[in-house]
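So the chains spell out like this:
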Amino acid sequence: MSSCCGPETPKNDEQNTGDHCAGASKRKIDYLLWGSLVLCVLFYGAYALGFAGPQWFEHFSHGVFELLNTMWWGVLFGILFVGLLHYVPQQLVVSLLGRGGTVTGIVRATAAGVLLDLCSHGILMVGMKLYQKGASLGQVMAFLIASPWNSLSLTIIMFALIGPGWTLLFIAVSMVIGVIAGLVFDALVKRRRLDENPAEQAQGNEPSAPLKSQLRDLGRSINWHPSAWGRVLLEGVKGSRMVVRWLLFGVLLAAAIRAFVSVDMFQQWFGPSIVGLLLTMVAATIIEVCSEGSTPIAADLMNRARAPGNSFMFLMAGVATDYTEIMVIKDTMKSWKTALFLPLVVLPQVLLVAVIMNLWGGA
(Lines give C-alpha, C1' and ligand atoms only; values in the text may rest on other atoms or scores of the structure.)
Protein backbone atom coordinates (compact mmCIF):
# COMPACT_ATOMS: atom_id res chain seq x y z
CA MET A 1 0.00 0.00 0.00
CA SER A 2 1.33 3.41 -0.95
CA SER A 3 2.04 6.16 1.53
CA CYS A 4 2.00 9.88 0.91
CA CYS A 5 5.59 9.74 -0.21
CA GLY A 6 6.08 6.43 -1.83
CA PRO A 7 5.79 2.74 -1.23
CA GLU A 8 6.28 1.16 2.15
CA THR A 9 9.86 0.44 3.07
CA PRO A 10 11.17 -3.04 2.42
CA LYS A 11 10.63 -5.65 5.05
CA ASN A 12 14.24 -5.73 6.13
CA ASP A 13 14.28 -1.95 6.59
CA GLU A 14 11.15 -2.04 8.71
CA GLN A 15 12.57 -4.82 10.80
CA ASN A 16 15.66 -2.79 11.66
CA THR A 17 13.55 -0.03 13.14
CA GLY A 18 10.27 -1.68 13.99
CA ASP A 19 11.73 -4.54 15.99
CA HIS A 20 13.82 -2.11 17.96
CA CYS A 21 10.76 -0.03 18.83
CA ALA A 22 8.75 -3.14 19.66
CA GLY A 23 11.51 -4.40 21.91
CA ALA A 24 11.75 -1.01 23.58
CA SER A 25 8.04 -1.02 24.37
CA LYS A 26 8.43 -4.29 26.26
CA ARG A 27 11.24 -2.95 28.38
CA LYS A 28 10.92 -0.69 31.38
CA ILE A 29 9.56 2.85 31.14
CA ASP A 30 11.88 5.41 29.55
CA TYR A 31 12.28 7.55 32.66
CA LEU A 32 14.65 9.98 30.94
CA LEU A 33 12.12 10.76 28.23
CA TRP A 34 9.02 11.00 30.39
CA GLY A 35 10.76 12.62 33.34
CA SER A 36 12.31 15.32 31.13
CA LEU A 37 8.99 15.85 29.34
CA VAL A 38 7.06 16.27 32.58
CA LEU A 39 9.61 18.73 34.01
CA CYS A 40 9.70 20.74 30.78
CA VAL A 41 5.91 20.95 30.72
CA LEU A 42 5.74 21.99 34.38
CA PHE A 43 8.39 24.73 34.13
CA TYR A 44 7.07 25.92 30.76
CA GLY A 45 3.58 26.17 32.20
CA ALA A 46 4.83 27.91 35.34
CA TYR A 47 6.46 30.68 33.32
CA ALA A 48 3.57 30.96 30.84
CA LEU A 49 1.08 31.35 33.70
CA GLY A 50 3.28 33.81 35.57
CA PHE A 51 3.95 31.77 38.70
CA ALA A 52 6.37 33.59 40.98
CA GLY A 53 9.05 31.98 43.08
CA PRO A 54 12.73 32.20 44.02
CA GLN A 55 15.00 33.93 41.53
CA TRP A 56 16.56 30.66 40.37
CA PHE A 57 13.06 29.26 39.72
CA GLU A 58 12.10 32.22 37.56
CA HIS A 59 15.36 32.06 35.58
CA PHE A 60 15.04 28.29 35.17
CA SER A 61 11.42 28.39 34.01
CA HIS A 62 12.20 31.29 31.67
CA GLY A 63 15.07 29.27 30.18
CA VAL A 64 12.82 26.29 29.52
CA PHE A 65 10.13 28.56 28.08
CA GLU A 66 12.55 30.40 25.77
CA LEU A 67 14.40 27.31 24.54
CA LEU A 68 11.22 25.37 23.73
CA ASN A 69 9.70 28.38 21.96
CA THR A 70 12.88 28.77 19.91
CA MET A 71 13.32 25.17 18.82
CA TRP A 72 9.78 23.83 18.48
CA TRP A 73 9.48 24.58 14.76
CA GLY A 74 12.80 22.91 13.98
CA VAL A 75 11.79 19.82 15.93
CA LEU A 76 8.38 19.74 14.20
CA PHE A 77 9.91 19.98 10.73
CA GLY A 78 12.52 17.42 11.75
CA ILE A 79 9.78 14.99 12.74
CA LEU A 80 8.03 15.62 9.41
CA PHE A 81 11.24 15.00 7.42
CA VAL A 82 11.94 11.82 9.38
CA GLY A 83 8.42 10.61 8.63
CA LEU A 84 8.85 11.39 4.93
CA LEU A 85 12.22 9.65 4.79
CA HIS A 86 10.66 6.53 6.29
CA TYR A 87 8.69 6.08 3.07
CA VAL A 88 11.44 7.09 0.65
CA PRO A 89 13.15 3.99 -0.79
CA GLN A 90 16.58 3.46 0.66
CA GLN A 91 18.17 3.18 -2.77
CA LEU A 92 16.87 6.62 -3.76
CA VAL A 93 18.46 8.21 -0.68
CA VAL A 94 21.77 6.52 -1.49
CA SER A 95 21.53 7.66 -5.12
CA LEU A 96 20.87 11.28 -4.13
CA LEU A 97 23.78 11.37 -1.69
CA GLY A 98 26.14 9.52 -4.01
CA ARG A 99 28.52 6.76 -3.08
CA GLY A 100 29.87 6.63 0.43
CA GLY A 101 33.63 6.75 0.77
CA THR A 102 34.02 9.14 -2.16
CA VAL A 103 34.70 12.87 -2.31
CA THR A 104 31.56 13.40 -4.40
CA GLY A 105 29.38 11.61 -1.85
CA ILE A 106 30.83 13.63 1.02
CA VAL A 107 30.41 16.93 -0.86
CA ARG A 108 26.79 16.08 -1.69
CA ALA A 109 26.04 15.27 1.95
CA THR A 110 27.70 18.50 3.08
CA ALA A 111 25.73 20.56 0.56
CA ALA A 112 22.50 18.84 1.65
CA GLY A 113 23.19 19.81 5.25
CA VAL A 114 23.86 23.44 4.34
CA LEU A 115 20.74 23.76 2.17
CA LEU A 116 18.31 22.06 4.56
CA ASP A 117 16.73 24.87 6.61
CA LEU A 118 16.37 23.25 10.04
CA CYS A 119 17.80 23.91 13.47
CA SER A 120 20.43 21.59 14.92
CA HIS A 121 17.89 19.35 16.63
CA GLY A 122 15.78 18.90 13.51
CA ILE A 123 18.93 18.20 11.49
CA LEU A 124 19.97 15.56 14.01
CA MET A 125 16.72 13.66 13.48
CA VAL A 126 17.16 13.73 9.72
CA GLY A 127 20.81 12.72 9.95
CA MET A 128 20.03 9.63 11.98
CA LYS A 129 17.34 8.65 9.49
CA LEU A 130 19.83 9.05 6.63
CA TYR A 131 22.13 6.68 8.50
CA GLN A 132 19.34 4.13 8.77
CA LYS A 133 18.69 4.57 5.05
CA GLY A 134 22.23 3.56 4.13
CA ALA A 135 24.31 6.75 4.03
CA SER A 136 27.94 6.12 4.96
CA LEU A 137 29.28 7.17 8.34
CA GLY A 138 31.35 9.91 6.68
CA GLN A 139 28.33 11.28 4.81
CA VAL A 140 26.25 11.43 7.98
CA MET A 141 29.01 13.20 9.92
CA ALA A 142 29.62 15.69 7.09
CA PHE A 143 25.86 16.34 6.95
CA LEU A 144 25.69 17.00 10.71
CA ILE A 145 28.85 19.12 10.94
CA ALA A 146 28.03 21.48 8.07
CA SER A 147 24.34 21.93 8.71
CA PRO A 148 23.26 23.17 12.17
CA TRP A 149 23.55 26.95 11.64
CA ASN A 150 24.08 27.05 7.86
CA SER A 151 20.42 27.45 6.96
CA LEU A 152 18.94 30.18 4.78
CA SER A 153 17.08 31.85 7.63
CA LEU A 154 20.12 31.90 9.94
CA THR A 155 22.39 33.04 7.12
CA ILE A 156 20.18 36.10 6.70
CA ILE A 157 20.31 36.71 10.45
CA MET A 158 24.09 36.35 10.45
CA PHE A 159 24.36 38.84 7.58
CA ALA A 160 22.62 41.37 9.81
CA LEU A 161 24.57 40.52 12.97
CA ILE A 162 28.18 40.18 11.77
CA GLY A 163 28.10 41.23 8.11
CA PRO A 164 28.13 39.27 4.83
CA GLY A 165 31.92 38.92 4.66
CA TRP A 166 32.36 37.02 7.91
CA THR A 167 29.13 35.10 7.38
CA LEU A 168 30.20 33.76 3.96
CA LEU A 169 33.64 32.93 5.34
CA PHE A 170 32.09 31.01 8.25
CA ILE A 171 29.90 29.02 5.85
CA ALA A 172 32.73 28.22 3.44
CA VAL A 173 35.13 27.11 6.20
CA SER A 174 32.48 25.01 7.95
CA MET A 175 31.77 23.21 4.66
CA VAL A 176 35.49 22.51 4.22
CA ILE A 177 35.67 21.12 7.77
CA GLY A 178 32.58 19.00 7.09
CA VAL A 179 34.12 17.53 3.93
CA ILE A 180 37.46 16.82 5.63
CA ALA A 181 35.76 15.23 8.64
CA GLY A 182 33.55 13.10 6.38
CA LEU A 183 36.55 11.81 4.46
CA VAL A 184 38.36 11.05 7.72
CA PHE A 185 35.40 9.07 9.08
CA ASP A 186 35.03 7.04 5.88
CA ALA A 187 38.79 6.37 5.91
CA LEU A 188 38.54 5.14 9.51
CA VAL A 189 35.73 2.80 8.45
CA LYS A 190 37.81 1.43 5.56
CA ARG A 191 40.67 0.76 7.98
CA ARG A 192 38.23 -0.97 10.35
CA ARG A 193 38.90 1.52 13.12
CA LEU A 194 35.17 2.35 13.18
CA ASP A 195 32.20 0.17 12.30
CA GLU A 196 30.60 0.41 8.88
CA ASN A 197 26.92 1.32 8.63
CA PRO A 198 25.00 -2.02 8.60
CA ALA A 199 22.36 -0.50 6.32
CA GLU A 200 25.10 0.45 3.86
CA GLN A 201 26.48 -3.09 3.98
CA ALA A 202 23.05 -4.63 3.37
CA GLN A 203 21.99 -2.31 0.57
CA GLY A 204 25.23 -1.51 -1.20
CA ASN A 205 25.96 1.79 -2.87
CA GLU A 206 25.20 1.07 -6.53
CA PRO A 207 21.80 2.43 -7.68
CA SER A 208 19.50 -0.25 -9.05
CA ALA A 209 17.89 2.21 -11.48
CA PRO A 210 18.69 5.67 -12.92
CA LEU A 211 17.98 8.54 -10.53
CA LYS A 212 15.38 10.11 -12.85
CA SER A 213 13.50 6.83 -13.00
CA GLN A 214 13.53 6.49 -9.21
CA LEU A 215 12.23 10.04 -8.76
CA ARG A 216 9.51 9.47 -11.34
CA ASP A 217 8.36 6.29 -9.60
CA LEU A 218 8.32 8.07 -6.25
CA GLY A 219 6.23 10.93 -7.68
CA ARG A 220 3.68 8.53 -9.10
CA SER A 221 3.28 6.75 -5.77
CA ILE A 222 2.42 9.89 -3.76
CA ASN A 223 -0.88 9.68 -1.93
CA TRP A 224 -2.27 13.07 -0.87
CA HIS A 225 -5.02 11.70 1.36
CA PRO A 226 -4.95 13.20 4.90
CA SER A 227 -4.76 9.75 6.47
CA ALA A 228 -1.51 9.13 4.61
CA TRP A 229 0.02 12.28 6.07
CA GLY A 230 -1.16 11.13 9.47
CA ARG A 231 0.93 7.99 9.00
CA VAL A 232 3.89 10.16 8.03
CA LEU A 233 3.65 12.12 11.29
CA LEU A 234 3.24 8.91 13.28
CA GLU A 235 6.38 7.42 11.74
CA GLY A 236 8.18 10.72 12.35
CA VAL A 237 7.29 10.65 16.04
CA LYS A 238 8.44 7.03 16.34
CA GLY A 239 11.70 7.69 14.51
CA SER A 240 12.46 10.86 16.48
CA ARG A 241 11.87 9.50 19.96
CA MET A 242 15.55 8.78 20.60
CA VAL A 243 16.45 12.37 19.71
CA VAL A 244 13.61 13.99 21.63
CA ARG A 245 14.52 12.26 24.90
CA TRP A 246 18.01 13.79 24.87
CA LEU A 247 16.74 17.08 23.50
CA LEU A 248 14.37 17.58 26.44
CA PHE A 249 17.08 16.57 28.89
CA GLY A 250 19.40 19.09 27.20
CA VAL A 251 16.79 21.83 27.60
CA LEU A 252 16.72 21.21 31.35
CA LEU A 253 20.52 21.31 31.60
CA ALA A 254 20.72 24.51 29.54
CA ALA A 255 18.04 26.14 31.68
CA ALA A 256 20.00 25.19 34.81
CA ILE A 257 23.14 26.83 33.41
CA ARG A 258 21.21 29.97 32.57
CA ALA A 259 19.75 30.04 36.07
CA PHE A 260 23.03 29.62 37.96
CA VAL A 261 25.77 31.09 35.67
CA SER A 262 26.03 34.85 35.19
CA VAL A 263 25.88 36.14 31.61
CA ASP A 264 28.35 38.93 32.49
CA MET A 265 30.87 36.35 33.67
CA PHE A 266 30.35 34.42 30.44
CA GLN A 267 31.08 37.46 28.27
CA GLN A 268 34.03 38.68 30.37
CA TRP A 269 36.28 35.65 29.94
CA PHE A 270 35.98 34.99 26.20
CA GLY A 271 38.43 37.30 24.46
CA PRO A 272 40.59 36.60 21.37
CA SER A 273 43.27 34.59 23.15
CA ILE A 274 44.12 30.90 23.47
CA VAL A 275 42.61 30.89 26.96
CA GLY A 276 39.51 32.63 25.63
CA LEU A 277 39.21 30.09 22.81
CA LEU A 278 39.54 27.17 25.19
CA LEU A 279 36.96 28.68 27.52
CA THR A 280 34.67 29.26 24.53
CA MET A 281 35.05 25.61 23.59
CA VAL A 282 34.15 24.56 27.12
CA ALA A 283 31.15 26.90 27.13
CA ALA A 284 29.94 25.59 23.77
CA THR A 285 30.23 22.07 25.16
CA ILE A 286 28.15 22.63 28.29
CA ILE A 287 25.64 25.18 26.99
CA GLU A 288 22.91 23.33 25.10
CA VAL A 289 21.31 25.78 22.68
CA CYS A 290 19.84 25.20 19.27
CA SER A 291 21.20 27.02 16.23
CA GLU A 292 18.90 30.02 16.68
CA GLY A 293 20.05 30.39 20.27
CA SER A 294 23.76 30.07 19.47
CA THR A 295 23.71 32.70 16.70
CA PRO A 296 23.17 35.80 18.93
CA ILE A 297 25.82 34.56 21.38
CA ALA A 298 28.27 34.06 18.52
CA ALA A 299 27.49 37.58 17.29
CA ASP A 300 28.26 38.98 20.77
CA LEU A 301 31.62 37.21 20.76
CA MET A 302 32.34 38.80 17.39
CA ASN A 303 31.12 42.33 18.09
CA ARG A 304 31.73 42.83 21.82
CA ALA A 305 34.76 40.63 22.48
CA ARG A 306 36.28 41.43 19.07
CA ALA A 307 36.99 37.73 18.67
CA PRO A 308 35.81 36.32 15.30
CA GLY A 309 37.62 33.06 16.01
CA ASN A 310 35.73 32.65 19.28
CA SER A 311 32.50 33.29 17.42
CA PHE A 312 33.30 30.56 14.90
CA MET A 313 34.46 28.26 17.71
CA PHE A 314 31.18 28.69 19.58
CA LEU A 315 29.14 27.80 16.50
CA MET A 316 31.22 24.82 15.41
CA ALA A 317 32.32 23.43 18.78
CA GLY A 318 28.70 23.32 19.84
CA VAL A 319 28.07 21.00 16.90
CA ALA A 320 31.03 18.75 17.64
CA THR A 321 30.61 18.51 21.42
CA ASP A 322 26.85 18.79 21.86
CA TYR A 323 25.96 16.06 24.37
CA THR A 324 22.51 15.58 22.82
CA GLU A 325 24.15 14.86 19.49
CA ILE A 326 26.81 12.59 20.97
CA MET A 327 24.28 10.55 22.93
CA VAL A 328 21.95 10.20 19.93
CA ILE A 329 24.84 9.07 17.72
CA LYS A 330 25.86 6.57 20.38
CA ASP A 331 22.31 5.20 20.67
CA THR A 332 21.76 5.06 16.91
CA MET A 333 25.13 3.61 15.92
CA LYS A 334 25.52 1.48 19.05
CA SER A 335 29.06 2.74 19.62
CA TRP A 336 30.59 5.12 22.15
CA LYS A 337 33.76 5.07 20.06
CA THR A 338 32.02 6.45 16.97
CA ALA A 339 30.25 9.14 19.00
CA LEU A 340 33.43 10.32 20.74
CA PHE A 341 35.37 10.42 17.46
CA LEU A 342 33.15 13.34 16.40
CA PRO A 343 34.85 15.91 18.71
CA LEU A 344 38.25 14.22 18.23
CA VAL A 345 38.10 14.75 14.46
CA VAL A 346 36.37 18.15 14.36
CA LEU A 347 37.73 20.17 17.31
CA PRO A 348 41.40 20.32 16.21
CA GLN A 349 40.32 21.71 12.83
CA VAL A 350 38.02 24.27 14.44
CA LEU A 351 40.67 25.37 16.94
CA LEU A 352 43.25 25.91 14.17
CA VAL A 353 40.81 27.93 12.06
CA ALA A 354 39.68 29.97 15.10
CA VAL A 355 43.28 30.95 15.95
CA ILE A 356 43.85 32.09 12.37
CA MET A 357 40.59 34.07 12.37
CA ASN A 358 41.51 35.86 15.59
CA LEU A 359 44.95 36.75 14.25
CA TRP A 360 43.49 37.90 10.95
CA GLY A 361 40.57 39.77 12.54
CA GLY A 362 42.85 41.58 14.98
CA ALA A 363 45.37 42.54 12.33
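Residues numbered from 1 in each chain as written. Predicted model: local features only at pLDDT ≥ 70, side-chain atom pairs only at ≥ 80, totals over all residues. Heavy atoms only, no water.

Chemist: Summarise the overall build of the protein chain; cite the residues concerned and give the values.
Modeler: When you go through the protein chain residue by residue, the secondary structure sums to 18 helices and 2 strands. Counting across all 363 residues of the protein chain, residues that qualify as buried make up 51%. Pairs at least 24 apart in sequence give 81% of the contacts found in the protein chain among residues at least 6 apart. In the form shown here, the protein chain has an accessible surface area of approximately 17,100 Å², with 68% of it arising from carbon and sulfur atoms. (Helix = DSSP H or I, 4+ residues; strand = E, 2+ residues; numbered from the N terminus. Buried < 20%, exposed > 50% of the residue type's maximum accessible area, 1.4 Å probe, protein only. Contact = heavy atoms within 4.5 Å. Areas by Shrake-Rupley, 256 points an atom, 1.4 Å probe, with all protein chains shown as cover.)

Chemist: Lay out the packing of aromatic side chains in plain terms, naming residues and giving numbers.
Modeler: For the structure shown, the criterion picks out 9 aromatic pairs. Consider the rings of Phe43 and Phe57, whose centres lie 5.6 Å apart with planes at 45 degrees: the pair is tilted. Of the two residues, Phe43 sits in helix 2 (residues 31-48) while Phe57 sits in helix 3 (residues 55-87), which places them 14 residues apart along the sequence. Using a relative accessible area of 15% as the deciding quantity, one classes Phe43 as buried. Relative to Phe65, the ring of Tyr47 lies with its centre 4.8 Å away and its plane at 45 degrees, an arrangement referred to as tilted. Taken together, the residues Tyr47 in helix 2 and Phe65 in helix 3 connect sequence positions 18 residues apart. Given the relative accessible area of 35%, Tyr47 is considered partly exposed. These aromatic residues form a ring-pair network of at least three members: Phe43, Trp56, Phe57, Phe60 and Phe260. (Phe/Tyr/Trp six-rings, centres within 6.5 Å; stacked < 30°, edge-to-face > 60°.)

Chemist: Can you break down the pattern of salt bridges residue by residue, with the values?
Modeler: Here the structure, examined in full by the defined rule, presents 1 salt bridge. Across the pair Lys330 and Asp331 runs a salt bridge, and its minimum N-O distance is 3.6 Å. Looking at Lys330, the relative accessible area reads 24%, which means it is partly exposed. Residue Asp331 is classed as buried on the basis of its relative accessible area, which comes to 14%. (Salt bridge = Lys/Arg side-chain N within 4 Å of Asp/Glu carboxyl O.)

Chemist: Run through a nonpolar patch on the surface, naming residues and quoting values.
Modeler: A cluster of nonpolar side chains, namely Ile29, Tyr31, Trp34, Leu37 and Val41, defines an oily patch on the protein surface of about 540 Å² accessible area. By the secondary structure assignment, Tyr31 is in helix 2. Owing to a relative accessible area of 61%, Tyr31 belongs among the exposed residues under this scheme. (Patch = residues over 30% accessible without salt bridge, like charges linked within 9 Å, V, L, I, M, F, W, Y side chains within 5 Å.)

Chemist: Let's hear about unusual backbone geometry: which residues, and what values?
Modeler: Its identity is not glycine, yet Arg192 carries a phi of approximately 65 degrees, on the positive side. Tracing the backbone through its elements, the reader meets Arg192 in the loop between helix 9 (164-190) and helix 10 (198-203). Although it is not a glycine, Lys334 adopts a positive phi angle of roughly 55 degrees. Looking at the element boundaries, Lys334 is found in the loop between helix 17 (323-333) and helix 18 (336-361).

Chemist: Now, about the nonpolar core: what can you tell me, with residues and values included?
Modeler: Most often, soluble globular proteins keep nonpolar side chains buried together rather than apart. Ile177 and Phe312 are the most contacted members of the largest nonpolar core, which totals 54 residues. Among the elements that make up this core, the one with the highest residue count is helix 18 (9 residues). When near neighbours in sequence (up to four residues on either side) are disregarded, Phe312 contacts Phe170, Val173, Ser174, Ile177, Val350, Val353 and Met357. Membership of the second largest hydrophobic core comes to 20 residues, among which are Ala46, Leu67, Met125 and Ala254. (Core = buried A, V, L, I, M, F, W, Y, C linked by side-chain atoms within 4.5 Å.)

Chemist: Describe helix 16 (residues 308-321), naming the residues involved and giving the relevant values.
Modeler: Given a rise of 1.5 Å per residue, 14 residues ought to cover 20 Å, and the 20 Å separating the end C-alpha atoms of helix 16 matches this to within 8%. Taken across its 14 residues, helix 16 has 14 buried, putting it largely inside the fold. (Expected span 1.5 Å × (residues − 1).)

Chemist: Outline the packing of helix 17 against helix 18, listing residues and values.
Modeler: Running from amino to carboxyl end, helix 17 crosses helix 18 at an angle of 145 degrees, the nearest separation of the two axes being 7 Å. The element helix 17 and its partner helix 18 pack so that their crossing is right-handed. Where helix 17 approaches helix 18, its residues Glu325, Ile326, Met327, Ile329, Lys330 and Met333 are matched on the opposing element by Trp336, Thr338, Ala339, Leu340, Leu342 and Pro343. Split by residue class, the contact of helix 17 with helix 18 holds 9 nonpolar, 1 polar and 2 charged. (Axes fitted to C-alpha atoms, helices over the stretch in contact; angles between N-to-C directions. Left-handed = near helix turned anticlockwise from the far one by under 90°. Nonpolar A, V, L, I, M, F, W, Y, C, P; charged D, E, K, R; others polar.)

Chemist: Outline helix 9, listing residues and values.
Modeler: For helix 9, which comprises 27 residues, the first-to-last C-alpha distance of 39 Å matches the rise-based estimate of 39 Å (1.5 Å per residue) to within 8%. In the segment just after helix 9, Arg192 is the residue with positive phi, at about 65 degrees.

Chemist: Please provide a residue-by-residue account of the environment of Ala187, values included.
Modeler: Along the chain, Ala187 falls in helix 9. Among the residues examined, Ala187 registers a relative accessible area of 32% and is labelled partly exposed. Between the C-alpha atom of Ala187 and that of Leu137, which follows or precedes it by 50 residues, the distance is 9.8 Å.

Chemist: Hey, could you go over the UniProt feature "transmembrane region" (unreviewed entry) in the protein chain for me, with residue numbers and the actual values?
Modeler: Per the UniProt entry, the sites bearing "transmembrane region" (unreviewed entry) are residues 31-52, 64-86, 140-162, 168-189, 243-263, 269-290, 311-329 and 341-360 in this numbering. With 82% helix and 0% strand, residues 31-52 has end C-alpha atoms that lie 28 Å from one another. Between the end C-alpha atoms of residues 311-329 the distance is 25 Å, and the span holds 95% helix and 0% strand. (UniProt positions renumbered as here; feature names shortened; annotations may be inferred.)

Chemist: Please provide a residue-by-residue account of the packing of helix 7 (residues 137-146) against helix 9, values included.
Modeler: Where helix 7 meets helix 9, the axes come as close as 7 Å, and the angle between the chain directions of the two elements is 160 degrees. Classified by the angle between their axes, helix 7 and helix 9 sit roughly antiparallel to one another. For the pair helix 7 and helix 9, the sense of crossing is right-handed. Where helix 7 abuts helix 9, its residues Leu137, Gly138, Gln139, Met141, Ala142, Ile145 and Ala146 lie against Ser174, Ile177, Gly178, Ala181, Gly182, Phe185, Asp186 and Val189. Residue composition of the contact of helix 7 with helix 9, by class: 9 nonpolar, 5 polar and 1 charged. (Parallel < 35°, antiparallel > 145°, perpendicular 65-115°, else oblique.)

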